[in-house]
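Here is what each chain is made of, one letter per residue.
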Amino acid sequence: MRKVLVLQHVAHEILGTFNPLLKARGFRVRYINFERQPDSIPPIERYNGLVILGGSMGVYQKDQFPHLRAELAAIELALKRDIPIFGICLGSQLLAQVLGSQVHRHKNLEKEIGWYDLDVFAEGLADPLFSHFQPREKIFQWHSDTFEVPKTAVHLAKTELFPSQVFRYGNKVYGLQCHLEVDQATVHRWLKVPGNLKELEESNGRFQVETIAADTHKWLARSKSLSQVTFNRFLDLFGLPPRGELLGSEHAKP
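First, a word on scope: everything that follows refers to the structure included in this document.

Thoughts on the overall build of the protein
Looking only at helices and strands, one finds seven helices and eleven strands in the protein. Taken over C-alpha atoms, the radius of gyration comes to 17 Å for the protein, in line with the 18 Å a tight globule of 254 residues would show. If the 31 positive side-chain charges of the protein are averaged to one point and the 28 negative ones to another, these points end up 5 Å apart.

Thoughts on the side chain of asparagine 196
Mapped onto the secondary structure, asparagine 196 falls in helix 6 (residues 194-201). Residue classification places asparagine 196 among the buried positions, given a relative accessible area of 11%. Residues contacting asparagine 196, with those up to four places away along its chain left out, are His12, Trp142 and Trp190.

Things to note about unusual backbone geometry
The backbone of aspartate 82 shows a phi angle near 60 degrees, a positive value even though the residue is not glycine. Among the structural elements, aspartate 82 can be located in the loop between helix 2 (67-81) and strand 4 (85-88). On the accessibility criterion, aspartate 82 (7% relative accessible area) is buried. If you check the backbone angles, cysteine 89 has positive phi at about 55 degrees while not being a glycine. Relative to the helices and strands, cysteine 89 resides in the loop between strand 4 and helix 3 (90-98).

Here's the deal with the environment of alanine 78
The topology assignment puts alanine 78 in helix 2. Sequence spacing of alanine 78 and asparagine 232 is 154 residues, and the spatial spacing of their C-alpha atoms is 20 Å. Dropping the residues within four chain positions of it, alanine 78 is found in contact with Ile44, Leu50, Ile83 and Ile85.

Overview of the pattern of salt bridges
With the rule as written, the count across this model stands at twelve salt bridges. Measuring nitrogen to oxygen at the nearest pair gives 2.6 Å for the salt bridge that ties arginine 136 to aspartate 119. With arginine 136 in strand 7 (residues 136-143) and aspartate 119 in strand 6 (residues 112-120), this residue pair connects regions lying 17 residues apart in the sequence. Residue glutamate 137 is joined to arginine 222 by a salt bridge in which the shortest nitrogen-to-oxygen separation is 2.5 Å.

Some details on the pairing of strand 6
Counting buried residues along strand 6, eight of its nine residues qualify, which places the element largely inside the surrounding structure. As judged from the eight bridges shared by strand 6 and strand 7, these two strands associate in the antiparallel manner. By the bridge assignment for strand 7, aspartate 119 is matched with arginine 136. Two strands pair when backbone bridges link them, and strand 6 and strand 9 (residues 154-158) are joined in this way by two bridges, in the antiparallel orientation. When the bridges of strand 9 are listed, aspartate 119 appears paired with lysine 158.

Basis of the calculations
Residues numbered from 1 in each chain as written. Predicted model: local features only at pLDDT ≥ 70, side-chain atom pairs only at ≥ 80, totals over all residues. Heavy atoms only, no water. Helix = DSSP H or I, 4+ residues; strand = E, 2+ residues; numbered from the N terminus. Rg over C-alpha atoms; globule rule 2.2 N^0.38 Å. Lys, Arg positive; Asp, Glu negative; His and termini not counted. Charge placed at Lys NZ, Arg CZ, Asp CG, Glu CD. Buried < 20%, exposed > 50% of the residue type's maximum accessible area, 1.4 Å probe, protein only. Contact = heavy atoms within 4.5 Å. Salt bridge = Lys/Arg side-chain N within 4 Å of Asp/Glu carboxyl O. Pairing = 2+ DSSP bridges.

Interpretation note: all reported values are geometric properties and have no functional meaning in isolation.
What follows is the structure in structure tokens.
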């Protein structure tokens, strides 16, 4: 049985549309919830793949959230083991950090909260996971941190405010700043989280619950359709043979 390890940072950040596909295809899923068990060490060697979910903390907050160091080490090991990796939001930022990029707040303190145009490059339209995308799609976002796409990775998609939205490293490793995994229950849950509500209230009307809810009703069906194909294609990667040699630390160099 193929086993996937899921790194979870906060209770409301879950697999969403990814979860039923994993179950339908017979994967065994184990969560490590760092909110409940901050001292956990991810046992990467026991698993065939890794999914890293989002969270409200920043990669640069290692002193406040020491588990981030354990996660970075786990990602390093997963890369060396040549197993499929999928990083979402904070997960993509952790992955980018391991691959040599620096994660930081947007230079203009911008945020993306809600539904935004994702512009898919030619490389993305030709990518095995994203070839079913149109050149522009509405995808859900909730973040304020950003990074440069690692020099060893392929840049697949961008938004106007946050260019580093989607990248691929090798042929089994993907980072998505955006939230392709959301379903209606996920979005509605996020809109009730006290910390999220505070963030919306402090935006001086720029981000509003009513607008996000209305846009979710408008754009979610397409997003869920895209996610089903994307995540199934990611799961297909578990059948790829390993590379001839393991990665060394050179993958983290610019």
